[in-house]
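Observations on the model geometry
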Amino acid sequence: MTFPWTRTSRRLADAYSAADIARLTGLTRGRVSQLRSVDESDALPEPDAPGSTATRPMWRGDTVARWCARTGRRLPPRTASWLMPGPDGPRLRRESQQTLQLRQKDLPDDPDLRRPPIDVHVARYIAADGSGPSVWLATVLAPGEMRRLLGWPHKWPHGSPLDHLVHEILADTEPDQPADTDLLGTLVLLPTIAEPEYGSMSGNVRMLQLHKADLGDGDADRLHGRLRQRRPSHDELRDLAQALGHRLPWWPPGCATPALVSSWAPDVPRSPEHVPPPLAGAQAFLRRCESAAAGLEGTLRDSVLKLGMARWYMATSGWRADSFPNCGALPKDCDADIWQVAVEFNLPPAPAVTSGFDEGLEWVMENALSQRLARDALLTFNDPGSAGTVLVDTNRLPPQLRDLFTKHVTLAGASGSYRAQRVLDALDAHPDAAAGSELGTWPALIGPAWCATSPGTGLVALHVPRVMPAPTSPAGAPLEVVLLRTEPVGGYGQSAPAVGFVITDQDRVLLLPAQGLSVDLAAAIEHAVWHPEVPTPLPGLARSSNEPLVAAVDALVETGPRVTPWEQLTALVRPRPSQGNPFPCCGAVEAVTDDRSKEEIRGNA
């Protein structure tokens, strides 16, 4: 492929007159006028530039460049794309492929500046005789995505991931010295994403011409600057597909795995995959539920099976042919003549299961042999009995609360319960926890009773329940409350959640079913006052908007643990909102006003 001599190497102009075309191609103005005749085999197309008139015809720059390529007068690569079709090609073939791993030179001490490695699959296309420019199709492999190439992470080889990639693919490239241009080829960054995005994807492709000057290190922004100038047009993508001899691969979100990308062949039919890679976790969860249910009977067995089917149904809802949008289908703005779906899937059936698994979820949290099954269930559905684990320093508790709490902790043997493992993990994550953490239980009336203690430190990890008994329950009415901020575990400077211990008139210790912010604790106090005969639930509990109550709770949390009379806080609770209030504290507002029994209300809460 050669680039004939022309009178310019400047960038392509927006519009050209007949005189401009003569100067651009070296033709005489008379010959340009003759080429406007339809009788000529290489006649100029009709003038199409804005402002064109009969006396002064004007052509768009892209129209002129394509006419030049079609008639054997190809313009230099710095003026127009070398991929425009013409009698001299380009006609490329796939010559090789490789997988590169791009990583930072030295990991920074600051975790916020660290970036995971970027795996990139690169396929090289060259002419049949091995001469001329190349095309490199670059696909960022899952779990990465193409946009990760376009940043400037700290301490990256050659300045940025994009510069690093260009350096690697050009490392073994030997410039063709007799060539009449310094063009080495075009790097194409195919659009890959890790998670579904319901916007345009075809516009995310990037094309970058590489020259001999790019063989060495240069300015950090030189490649990004050229990428930002403009994105490839629809015609340029069509030219690229024609030059490669096949349509461009479009990878569904999270599906550009090393195995699938490296085995992909252009326009070759392949058997559909059964499960998209992003759904592998949901499928494994379903299989684990089926395995666990095999040893169960009755309603518990059915409930565990429904738990697995519920997650599978949720995960596959966006990957079926009848769903909108369909994550596995070619986006509407991608031309099917240019793009092809790189991998297709044949999903097994998924019954529409969205409920009926409460019993199974409770069993999995407490009794499942597979810790992985319980962990995935927690991430997907939450723990029905626990709002989370917190770490408390009992040495900071007021004496009366510390005695009521610590003296009733009972040591327990090893347990396969995931809830037990969670409190052990929470304690082990604290830097001051001593070796040999001990698992135990405390007399929690509601919620998981598991706790973990660290001998000699006073640290205790425990679960915060999702429900607090009603004040009229056998546990007794609230008498005193201790609000405090728990001990921080991990995190990046974030404050630890606040919790509330309640001491009843029966000397029982309860926990408010909330953790985190003062508005959450205040909401639980409001509910206990507004609905004394109903348990206080965490699900559906709206945050408090009572500023005096929230301010009081916040002051008690920040000034350290102290015993405060329950009435001192409940006196700040405003009257309960009317039934028609659009922001009730929870669903129990309507339940209290209808004819349902107290037992039914408590059960629903």
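Everything discussed here concerns the structure shown above.
Figured I'd write up the structure that's included with this text. Remember, it's a predicted structure, so these values are computed and weren't measured experimentally.

Turning next to the overall build of the protein chain. Scanning the protein chain from terminus to terminus reveals 18 helices and 20 strands. When burial is assessed residue by residue, the protein chain has 47% of its 605 residues classed as buried. When the accessible surface of the protein chain is summed, it comes to about 28900 Å², and 50% of that surface belongs to carbon and sulfur atoms.

Among the 10 residues in helix H3 (residues 61–70), 7 count as buried, and that is most of the element. Taken residue by residue, H3 has Gly61, Thr63, Val64, Ala65, Trp67, Cys68 and Ala69 as its buried positions. The secondary structure elements touched by the buried residues of H3 are strand E1 (15–17), helix H1 (18–25) and strand E2 (58–60). Just downstream of H3, glycine 72 is the residue with a positive phi angle, here 80°.

Below, the discussion takes up the layout of surface pockets. In this model, the largest pocket occupies a volume close to 910 Å³. Taken together, 29 residues line the largest pocket, and the ones lying closest to its centre are Arg11, Pro77, Gln209, Arg230 and Glu236. Contributing elements (two or more residues each) for the lining of the largest pocket: H3, strand E7 (206–211), helix H5 (222–229) and helix H6 (234–244). Top contributing element to the lining of the largest pocket by residue count: E7, with 4 residues. Of the residues in the lining of the largest pocket, the class split is 11 nonpolar, 8 polar and 10 charged.

Across the sheet, which stays open at both edges, the 5 strands sit in the order E3-E4-E5-E6-E7 with mixed pairing between neighbours. Both edges of this open sheet fall to strand E3 (92–102) and E7, since each of them pairs with a single strand only. When strand polarity is set aside, the average angle formed by the axes of neighbouring strands in this sheet is 20°. Relative to strand E6 (residues 183–189), strand E5 (residues 134–140) runs parallel, the two sharing 5 bridges. Each bridged residue has a counterpart across the sheet, and for alanine 138 the counterpart in E6 is leucine 189. Against the sheet, helix H4 (residues 161–169) engages E3, strand E4 (118–127), E5, E6 and E7, with an angle of about 130° to E3. Docked against the sheet, H6 engages E3, E4, E5, E6 and E7, running at close to 110° with respect to E5.

Reading guide: rules and limits
- Residues numbered from 1 in each chain as written.
- Predicted model: local features only at pLDDT ≥ 70, side-chain atom pairs only at ≥ 80, totals over all residues.
- Heavy atoms only, no water.
- Helix = DSSP H or I, 4+ residues; strand = E, 2+ residues; numbered from the N terminus.
- Buried < 20%, exposed > 50% of the residue type's maximum accessible area, 1.4 Å probe, protein only.
- Areas by Shrake-Rupley, 256 points an atom, 1.4 Å probe, with all protein chains shown as cover.
- Contact = heavy atoms within 4.5 Å.
- 1 Å grid on protein atoms, 1.4 Å probe; cavity = no way out; pocket = protein on both sides within 12 Å on 5 of 7 lines; lining within 4 Å.
- Points joined across faces, edges and corners; volume = space filled by probe spheres on them.
- Nonpolar A, V, L, I, M, F, W, Y, C, P; charged D, E, K, R; others polar.
- Pairing = 2+ DSSP bridges.
- Axes fitted to C-alpha atoms, helices over the stretch in contact; angles between N-to-C directions.

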